[in-house]
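What the coordinates show
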Amino acid sequence: GENVEQHPSTLSVQEGDSAVIKCTYSDSASNYFPWYKQELGKRPQLIIDIRSNVGEKKDQRIAVTLNKTAKHFSLHITETQPEDSAVYFCAAKEGPNDMRFGAGTRLTVKP
Amino acid sequence: NAGVTQTPKFQVLKTGQSMTLQCAQDMNHEYMSWYRQDPGMGLRLIHYSVGAGITDQGEVPNGYNVSRSTTEDFPLRLLSAAPSQTSVYFCASSLQRGDQPQHFGDGTRLSIL
């Protein structure tokens, strides 16, 4: 089955710096890669996603890159702000309907 | 629209008890799913449904049952609660398939003593 590895498990940056979170997946047939943000005690919320026919996608300060050959994808957050502090999860689709999530990255943005 | 609604928000059970976690969505989504979230392990898929009358197992289905009699509702049943099932449970839905953006409920925090 799908195995999604996520690194680092914790990340601390200064406000204004960039943050990068990386994920690898094992199923070469995976074709959908979402990223979710979860604040403490709240529900996960989708922040960006990418499909396998695209190499990069941007939405304001957030971008995701995908390398299908190497089977890894990354989340990039630029100009970080304290409100970006949260746990971020990557995921990859296995089969027609089965999503597998990474273990999460706790991002802390220090003012 | 309320989105995805889960009840209860908190529950404490004794080992061996059974209970049903409720999930309802008002977005006319075909795909619904249940995840459990444990510290350091992300979200793991328990069961999912691609439409009324259709359910399938995810990554960790043992000890849980689901049914999908209507498009709106997707209850999760714990047959005989065990301490290993202590977790936060999230229900999610998407328009048609699992490879579309999923909307999550607020979660149910379940403790098994």
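Going by the structure above, here's the rest.
Criteria and thresholds
For every chain, the first residue of its written sequence is number 1, and the numbers climb from 1 along that sequence. Labels are handed out in written order, letters beginning with A for the chains and numbers beginning with 1 for the ligands. This being a predicted model, a pLDDT of at least 70 is required before a residue's local features are given, and a value of 80 or more before pairs of side-chain atoms are given or counted; all residues contribute to the totals for chains, interfaces and linings. Side-chain measures were taken over the full set of non-hydrogen atoms in the model, leaving aside hydrogen atoms and water. Salt bridge criterion: a side-chain nitrogen from Lys or Arg within 4 Å of a carboxyl oxygen from Asp or Glu. Per-residue accessibility, obtained with a 1.4 Å probe over protein chains only, is compared with the maximum for each type, and a residue is labelled buried under 20%, exposed over 50%, and partly exposed between these values. Any cysteine sulfur atom paired with another within 2.5 Å is treated as part of a disulfide. Strands are runs of DSSP state E lasting at least two residues, helices are runs of H or I lasting at least four, and both sets are numbered from the N terminus onward.

Observations concerning the pattern of salt bridges
For the coordinates displayed, the defined rule picks out seven salt bridges over all chains. Note that Lys 37 of chain A is salt-bridged to Glu 39 of chain A, the shortest N-O span being 3.7 Å. Here Lys 37 of chain A falls in the buried class, since its relative accessible area comes to 17%. Across the pair Arg 36 of chain B and Asp 38 of chain B runs a salt bridge whose closest N-O atoms are separated by 2.9 Å.

Points about the state of the cysteines
As enumerated under the stated definition, the model contains two disulfides over all chains in all. Across the disulfide, Cys 23 of chain A is cross-linked to Cys 90 of chain A (sulfur-sulfur distance 1.9 Å). With the S-S dihedral at roughly -100°, the linkage between Cys 23 of chain A and Cys 90 of chain A falls on the left-handed side. Remark: Cys 90 of chain A occurs in strand 9 (residues 86-94) and Cys 23 of chain A occurs in strand 3 (residues 19-24); sequence separation between them is 67 residues. When its relative accessible area of 0% is taken as the criterion, Cys 23 of chain A is described as buried. Residue pairing for Cys 23 of chain B: its cysteine sulfur links by disulfide to Cys 91 of chain B, the two sulfurs lying 1.9 Å apart. Between Cys 23 of chain B and Cys 91 of chain B, the S-S dihedral sits near -70°, and the bridge is therefore left-handed. Highlighted residues: Cys 23 of chain B in strand 3 (residues 19-25) and Cys 91 of chain B in strand 9 (residues 87-94), separated in sequence by 68 residues. By relative accessible area, which is 0% here, Cys 91 of chain B ends up buried.

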